[in-house]
2 protein chains.
Amino acid sequence: MSDLRFRIKAHSERATKTIVKARSFSFTVDEPEDLGGKDEAANPVEYMLGALAGCLNVMAHVIAQEMDFELKGVKIDIVGDLNPARLFGQSMEERAGFKGLEVKIKADAEGVSDETLEKWKDAIADRCPVCDNLKNPTPVKISVK
Amino acid sequence: MSDLRFRIKAHSERATKTIVKARSFSFTVDEPEDLGGKDEAANPVEYMLGALAGCLNVMAHVIAQEMDFELKGVKIDIVGDLNPARLFGQSMEERAGFKGLEVKIKADAEGVSDETLEKWKDAIADRCPVCDNLKNPTPVKISVK
């Protein structure tokens, strides 16, 4: 298959508030007050977790169909811890981002064995684009003008 | 500093449509029609790029303040290519996610040297949480019930 290209354009409305345009869509990113924002929207790392949830949902359904069981829906909880010391320039000892993510998927499906659900989960984890970009290194080239 | 914990909860409304809750906020994720969705919202990888833009904006301002120059704003473009073959189960040769991301940041700041902007950019890249989670491996533990 050919590569697909995705692109967003964003601008700052203020130091913590960003307006993101993706095709015909637009969404706002902000920070909670304790991180210097005005709490007008979810923050960047919450959007990243939401991106992961959205991608896992798509893959959950793609792979359930391949494995020939009926998936009525999924519920997904994702939690992660990060230390903001590097972000704020107070210490460079720890990484800037999440140290790890814990994802719980609750599948609404009847009569599916635990073994099948484990295989389903492993295929989701292997083939989900956002999951891949988090688990494995991705070159990020930044230029400024 | 102590770790900060972030959490989202999500549920599928259908195979490609996900509703994400982050604290008091909610956003919708969908896929375009050529990826099997109804194109009601940005898609997962676009939210991931938007998360990166939001995080880069915050860091751009944090670090400009540390470096003592006035940043009036930033414009950020991000583009990346991915091959959907693995997602669709057609080939396991290539990775599932973006092969790489290209980020262009346009800084609205007067009288700042190119050398200063390069140092600023390097610090942003090093200390941005979302950038870290994309550039470097992050353990993602998935469990199913």
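The following refers to the structure shown. Quick caveat, the model's predicted, so the values are computed rather than measured. (Residues numbered from 1 in each chain as written. Chains lettered and ligands numbered in written order. Predicted model: local features only at pLDDT ≥ 70, side-chain atom pairs only at ≥ 80, totals over all residues.)

## Notes on the relation of the copies chain B and chain A
This is how the line gets drawn: The fit set for superposing copies consists of C-alpha atoms from residues with pLDDT of at least 70 in both; the fit itself is least squares. What counts as a contact is two residues whose backbone-derived C-beta atoms lie within 7 Å of each other.
When chain B is fitted onto chain A, the two copies agree to an RMSD of 0.0 Å after a turn of 180° and an axial shift of 0.0 Å. When the rotation and shift are considered jointly, the pair of chain copies conforms to a two-fold rotation axis. A share of 100% of interface residues in chain B that are also interface residues in chain A marks the association as one of identical surfaces.

## Some words on the nonpolar core
Considering soluble globular proteins, one finds that nonpolar side chains tend to be buried as a cluster. The line we're drawing: To define a nonpolar core, we join buried Ala, Val, Leu, Ile, Met, Phe, Trp, Tyr and Cys residues through C-beta atoms within 7 Å and take the resulting set. Our exposure labels follow a C-beta count within 10 Å of each residue's own C-beta, placed from the backbone: buried means 20 or more other C-beta atoms, exposed means 12 or fewer, and partly exposed covers the counts in between.
Among the nonpolar cores identified, the biggest contains 86 residues, and Ala51, Leu52 and Leu56 of chain A together with Ala51, Leu52 and Leu56 of chain B are the most heavily contacted of them. Ignoring any residue separated from it by four or fewer positions in sequence, one finds Leu52 of chain B in contact with Ile78, Val130, Cys131 and Leu134 of chain B.

## Describing the environment of Lys21 of chain B
All names here are of chain B. For clarity, the threshold we go by: A run of H or I in DSSP counts as a helix once it spans at least four residues, and a run of E counts as a strand once it spans at least two, with each numbered from the N terminus.
Its place among the elements puts Lys21 in strand β2 (residues 18-22). The spatial distance from the C-alpha of Lys21 to the C-alpha of Lys9 is 5.3 Å, given a sequence separation of 12 residues. The residues contacting Lys21, other than those within four sequence positions of it, are Ile8, Lys9, Ala10 and Ser26.

## With respect to the packing of helix α1 (residues 44-66) of chain A against helix α2 (residues 114-127) of chain A
All names here are of chain A. As a reminder of what qualifies: Here the axes come from fitting lines to C-alpha atoms, over the contacting stretch only for helices, and the angles between their N-to-C directions go from 0 to 180 degrees. Each angle receives one of four descriptions, namely roughly parallel if under 35 degrees, roughly antiparallel if over 145, roughly perpendicular if within 65 to 115, and oblique otherwise. Crossings are classed by handedness, with left-handed meaning an anticlockwise turn of the near helix from the far one by less than a right angle and right-handed meaning a clockwise turn. Polarity classes work like this: nonpolar for Ala, Val, Leu, Ile, Met, Phe, Trp, Tyr, Cys and Pro, charged for Asp, Glu, Lys and Arg, and polar for all others, with Gly in that last group.
Between α1 and α2, the shortest axis-to-axis distance is 9 Å and the interhelical angle comes to 130°. Here α1 is positioned oblique relative to α2, judged by the angle of their axes. Note on packing geometry: the crossing formed by α1 with α2 is right-handed. Taking contact as the criterion, the partners of Leu56, Met59, Ala60, Ile63 and Ala64 in α1 are, on α2, Trp120, Ala123, Ile124 and Arg127. Classifying every residue of the contact of α1 with α2 by side-chain character gives 8 nonpolar, no polar and 1 charged.

## Some words on unusual backbone geometry
All names here are of chain B. Of note in this structure, Asp39 is not a glycine but carries a positive phi near 60°. You can see Asp39 is positioned in the loop between β3 (25-29) and α1 (44-66). Look at Asp39 and you get partly exposed, because 16 C-beta atoms sit within 10 Å. Phi at Asp68 takes a positive value of approximately 65°, unusual for a residue other than glycine. You can see Asp68 is positioned in the loop between α1 and β4 (73-82).

## A word on the sheet that holds strand β5 (residues 101-108) of chain B
Let me state the cut-off plainly: At least two bridges found by DSSP between two strands are what make those strands a pair.
Reading across the sheet, the 6 strands line up as β3(A)-β2(A)-β1(A)-β4(B)-β5(B)-β6(A) and stay open at both edges, with mixed pairing between neighbours. Two strands lie at the open edges of the sheet, namely β3 (25-29) and β6 (140-144) of chain A, each paired on one side alone. Across the sheet, the mean angle separating the axes of adjacent strands is 20° when strand polarity is ignored. The sheet contact formed by β6 of chain A and β5 of chain B spans 5 bridges and is parallel. Considered in β5 of chain B, the bridge of Ile142 of chain A is made with Val103 of chain B. Packing of helix α2 (residues 114-127) of chain B onto the sheet brings it into contact with β6 of chain A together with β5 of chain B, and relative to β6 of chain A it is tilted by some 150°.

None of this, on its own, says anything about what the molecule does.
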